[in-house]
Amino acid sequence: MTGSSLLFFLFLFLLSVALYRRYYPVKNIPCLPVGEVPDGLLLVDLRDYNESNGPIFGQALHIPVAYLKRHVRHIPRKPLHIIAQDAIEKNVGIRLLRRYGYEVKSYSIAACDCRERGRMDQWNTIKKSKTA
């Protein structure tokens, strides 16, 4: 095996790991509407600042997923409910929080009602900016 083919396989491996972490759904975490979140769960809003101005999530701790590594120490050690804009943000956020030792109990995707969601292939994974 030559050095270039080894480098190619290493690149493919790293690419597949990155795609898995971003797009493969996190299993065994239920989707709940924000109004049905049980007491005792801390709401963590992972949406961007320009997307989270709604009054529904005003009581949530707001840390955009892009800043999660930097501000993870500000999250109390309690069971969490994640609020995300789309499935990609949810997957990345839950995996990062798990890596730092947090217990994520449930999640909500702000753009849709959990009861309307059927199969996972119907999820909207394209992030649309409100400012564009």
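Starting afresh in each chain, residues are numbered from 1 along the sequence in its written order. Local features in this predicted model are restricted to residues of pLDDT 70 or higher, and side-chain atom pairs are both shown and tallied only at a pLDDT of 80 or more, whereas totals for entire chains, interfaces and linings draw on every residue. For side-chain calculations, the full set of non-hydrogen atoms in the structure is used, while hydrogens and water are omitted.

As a further point, take the pairing of strand β3 (residues 80-84). The side chains of a regular strand alternate between the sheet's two faces. Taking burial as the measure, the five residues of β3 include five buried ones, the bulk of the element. Throughout this description, buried means an accessible area under 20% of the type-specific maximum (1.4 Å probe, protein chains only), exposed means over 50%, and partly exposed covers the range between. Numbering goes from the N terminus for both helices and strands, where a helix is a DSSP run of H or I of at least four residues and a strand is a run of E of at least two. Burial of the side chains of β3 extends over both faces: Leu80, Ile82 and Ala84 are buried on one face and His81 and Ile83 on the other. In short, DSSP must find at least two bridges between two strands for them to pair. Of the strand pairs in this sheet, strand β1 (residues 42-45) and β3 are connected by four bridges, and their pairing is parallel. Opposite Leu42, over in β3, you have Leu80 as the bridge partner. When β3 meets strand β4 (residues 104-109), the two strands line up parallel, connected through five bridges. Note on β4: the bridge partner recorded for Ile83 is Ser108. Handedness of a crossover is defined as follows: orient the strands so they point away from the viewer, and if the path from the first strand over the helix to the second runs clockwise, the crossover is right-handed. On the question of chirality, the crossover connecting β3 to the parallel β4 by way of helix α3 (residues 87-99) is right-handed.

Here we come to the environment of Val92. With respect to the helices, strands and loops of the structure, Val92 is situated in helix α3. A residue is classified by how much of its surface remains accessible, and Val92, at 26% relative accessible area, is partly exposed. The sequence separation of Val92 and Tyr20 amounts to 72 residues, and the corresponding C-alpha distance is 9.9 Å. By the convention used here, residues are in contact when the closest approach between their heavy atoms is within 4.5 Å. The residues touching Val92, leaving out its near neighbours within four places in the chain, are Arg21, Arg22 and Val65.

Looking now at the packing of aromatic side chains. Aromatic rings in a pair are described by how distant their centres are and how their planes are angled relative to each other. Stacked, edge-to-face and tilted labels apply to pairs of Phe, Tyr and Trp rings (six-membered ring for Trp) whose centres lie within 6.5 Å, assigned for plane angles under 30 degrees, over 60, and everything in between, in that order. Tallying each qualifying case throughout the model produces three aromatic pairs. Plain terms: the ring middles of Phe8 and Phe9 are 5.8 Å apart, the flat faces sit at 65° to each other, and that makes the pair edge-to-face. We classify Phe9 as partly exposed; its relative accessible area is 47%. Considering the side-chain rings of Tyr20 and Tyr24, the 5.1 Å spacing of their centres and the 20° angle between planes classify their relative orientation as stacked. Tyr20 gets classed as partly exposed once you look at its relative accessible area, which sits at 44%. On the accessibility criterion, Tyr24 (39% relative accessible area) is partly exposed. Ring-over charges, as used throughout, are those where CZ of Arg or NZ of Lys falls within 6 Å of the ring centre and within 35 degrees of the ring normal. It is Arg77 that lies over the ring of Tyr102; its NZ or CZ is 4.1 Å from the centre.

Note that patches include only residues with greater than 30% relative accessible area and no salt bridge, and the join distances are 9 Å for like charges and 5 Å for nonpolar side chains (Val, Leu, Ile, Met, Phe, Trp, Tyr). Method for areas: the Shrake-Rupley scheme with a 1.4 Å probe, in which residue coverage is limited to the protein chains shown. Each salt bridge in this description consists of a side-chain nitrogen of Lys or Arg and a carboxyl oxygen of Asp or Glu lying within 4 Å of one another. On the surface, a cluster of nonpolar side chains totalling about 700 Å² of accessible area is made up of Phe8, Phe9, Phe11, Leu12, Leu15, Leu19 and Tyr23. Positionally, Tyr23 belongs in helix α1 (residues 3-23).

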